[in-house]
Amino acid sequence: MTANQQSNEGPTVKHRHRVEGPEKHIIVFIFSIVLTAIAFAAVAAGGINTAFTIIILLVMAVLQVFVQMGYWMHLKDKGHLMPILFMIGGFFVASTCIVMALFWVWW
Amino acid sequence: MSHAEHVNGELPHEPEKATLEGRNKILGFWLFLGGEAVLFGTLFATFLALRGQNNEGPTASELFSLPITAAATLILLVSSLTSVFAIQALHRHNIEKLKLWLIVTVVLGLCFLGLEIYEFYEYVAHESFNMKTSAFSSAFYTLVGFHGAHVAFGVVWISLLIAQLFRKGLTVVTAPKVYVSAMYWHFIDVVWVFIFSVVYLLGKVG
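Residues numbered from 1 in each chain as written. Chains lettered and ligands numbered in written order. Predicted model: local features only at pLDDT ≥ 70, side-chain atom pairs only at ≥ 80, totals over all residues. Heavy atoms only, no water.

Here is the rule we go by: UniProt positions are given in the numbering used here, feature names are shortened, and annotations may be inferred rather than shown by experiment.
The name given to chain B in an unreviewed UniProt entry is Cytochrome B oxidoreductase, with Paenibacillus solani as the source organism. The heading Sequence similarities (unreviewed entry) in the UniProt record of chain B holds the text "Belongs to the cytochrome c oxidase subunit 3 family." Chain B has a UniProt comment under Subcellular location (unreviewed entry) that states "Cell membrane".

Per an unreviewed UniProt entry, chain A goes by Cytochrome C oxidase subunit IV and derives from Paenibacillus solani. For chain A, the Subcellular location (unreviewed entry) comment in UniProt is given as "Cell membrane". Check the Sequence similarities (unreviewed entry) section of the UniProt entry for chain A; it says "Belongs to the cytochrome c oxidase bacterial subunit 4 family."

### Some thoughts on the packing of aromatic side chains
All names here are of chain B. Under the convention used in this document: Think of it this way: a Phe, Tyr or Trp ring, Trp meaning its six-membered ring, pairs with another when their centres are within 6.5 Å, and the plane angle makes it stacked under 30 degrees, edge-to-face over 60, tilted otherwise. Counting from the N terminus, the helices are the DSSP runs of H or I reaching at least four residues and the strands are the DSSP runs of E reaching at least two. Burial classes: relative accessible area under 20% of the type maximum marks a residue as buried, over 50% as exposed, and values in between as partly exposed (1.4 Å probe, protein chains only).
According to the stated counting rule, one finds 29 aromatic pairs over all chains in the structure shown. Here the aromatic rings of phenylalanine 136 and phenylalanine 140 are separated by 6.3 Å at their centres, their planes lie at 45°, and the arrangement is tilted. Taken together, the residues span about one helical turn, with phenylalanine 136 and phenylalanine 140 both in helix α5 (residues 135-168) at a distance of four residues. For the residue pair phenylalanine 136 and phenylalanine 140, the accessibility class agrees, reading buried in each case.

### Some details on the interface of chain B and chain A
Frequently, the measure chosen for interface size is the accessible area that the parts lose on association. Let me state the cut-off plainly: What makes two residues a contact is simply this: any of their non-hydrogen atoms within 4.5 Å. A simple way to read buried area is as the amount of 1.4 Å-probe accessible surface that goes missing from two parts once joined, with both sides added. The term salt bridge refers to a pairing of a side-chain nitrogen on Lys or Arg with a carboxyl oxygen on Asp or Glu at a separation within 4 Å. For this analysis, a polar contact is any N or O atom pair within 3.5 Å, provided that within protein one partner can donate a hydrogen and the other can accept it, and provided that sequence-adjacent residues contribute only side-chain to side-chain pairs. Put simply, Ala, Val, Leu, Ile, Met, Phe, Trp, Tyr, Cys and Pro go in the nonpolar bin, Asp, Glu, Lys and Arg in the charged bin, and everything else, Gly too, in the polar bin.
Residue-level contacts link 44 residues of chain B with 44 residues of chain A. A combined buried area of about 4000 Å² lies between chain B and chain A, and 83% of that area is made up of carbon and sulfur atoms. Seen at the junction of chain B and chain A, the total is zero salt bridges. Counting the contacts that link chain B with chain A gives two residue pairs in polar contact (both at pLDDT 80 or more). Those elements giving two or more residues to the side of chain B that touches chain A turn out to be α1 (20-50), α3 (66-91) and α6 (174-205) of chain B. If you tally residues by element for the side of chain B that touches chain A, the top one is α6(B), at 14 residues. Across the side of chain B that touches chain A, the residue classes break down as 28 nonpolar, 12 polar and four charged.

### Details of the environment of B:Asn54
Residues and elements named next belong to chain B. Looking at where asparagine 54 falls in the secondary structure, it is placed in the loop between α1 and α2 (60-63). Along the primary structure asparagine 54 and threonine 133 are separated by 79 residues, whereas in three dimensions their C-alpha atoms are 7.7 Å apart. When sequence neighbours within four positions are dropped, the list of residues in contact with asparagine 54 reads Thr59, Ser134 and Phe136.

### Re the domain arrangement of chain A
Residues and elements named next belong to chain A. Spelled out, the test is: Where a domain begins and ends is set by an automatic assignment or by a domain database.
By domain assignment, chain A separates into domain 1 (3-76) and domain 2 (78-107). Across the boundary between the two partners, domain 1 contributes five residues, which contact six residues of domain 2. Three residues, Met69, His74 and Leu75, lead the burial of domain 1 against domain 2; their summed loss comes to 81% of the area buried on that side. Where domain 1 meets domain 2, there are one residue pair in polar contact (both at pLDDT 80 or more). For the side of domain 1 that touches domain 2, the residue count by class is three nonpolar, one polar and one charged.

### What to know about the UniProt feature "domain: Heme-copper oxidase subunit III family profile" (unreviewed entry) in chain B
In this numbering, the UniProt entry assigns the feature "domain: Heme-copper oxidase subunit III family profile" (unreviewed entry) to residues 27-204 of chain B. With 85% helix and 0% strand, residues 27-204 of chain B has end C-alpha atoms that lie 39 Å from one another.

### Points about the side chain of B:Thr82
Here B:Thr82 is to be found in helix α3. At a separation of 2.8 Å, a polar atom in the side chain of B:Thr82 contacts the main-chain carbonyl oxygen of B:Ser79.

### Considering a nonpolar patch on the surface
Quick note on the threshold: Within the patch definition used here, like charges are joined within 9 Å and nonpolar side chains (Val, Leu, Ile, Met, Phe, Trp, Tyr) within 5 Å, considering only residues with over 30% relative accessible area and no salt bridge. For every accessible area listed, the method is Shrake-Rupley and the probe measures 1.4 Å; residues are considered covered only by the protein chains on display.
A cluster of nonpolar side chains, A:Val99, A:Met100, A:Phe103, A:Trp104, A:Val105, A:Trp106 and A:Trp107, forms an exposed patch at the surface whose accessible area comes to about 870 Å². Here A:Trp106 is to be found in helix α4 (residues 81-106).

Encoded structure:
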């Protein structure tokens, strides 16, 4: 009886853990390709003013990094508060280094 | 019953997070990646500060070729997607597909390395652009070379994990290792996004 119940429960228990499909990861991939293509096109086309090109490059890079870290590294999933804090901390110190290096060398 | 198995002999739903050790490995690895972000941040800072100092050697816009950069970018992006597929296979407990996708990832990593070695060889042999040419060249080789070294390390690491999967199979001990290596691989791709934007594309703009 107990054994029967267990085998009946088996499929339902398994069913509760739905494994995600590849669709959204393929969408992230296509999105990344499009962002990369925009960045390359902005540079290859030329003729656009330099400051504007730099803004395009940075926006495309940051967007792509956000999407990839959110979906591919699962930072958007719940239970990722500490990893998000670690990465924000890392990027904060990294960007401080970059801004300060440019400031002290060129101002 | 071996220590690595779940109570009923079946792998749990997310085997990489089934044990405290596995969860700690993943958390600890995030801390490491935060440190890596700082490490690459300092190299980017050096590069950005010195990228115009070509000391009468080749400049960025003379040197870089967009097609090679685009090819390298595409290879690394696809390899990031294949490591996502590997983790999905891991969650489905499909060890054959897991091994297959990891092997594809390693092969793409090797292609990327081959392209980078070819690129550096061209610069040194035909453009007389080497480590000592200028502040720009030193900063360039240090930053891009360091990223390449990370790719090389990842290739060796994931290859060893594939060998371990063949020997020990997928357990709650091997699953966190595979998961963490996939995180590392994604992080390498994230760093490359900044490298192709800031080093190559910005170099072409001037």
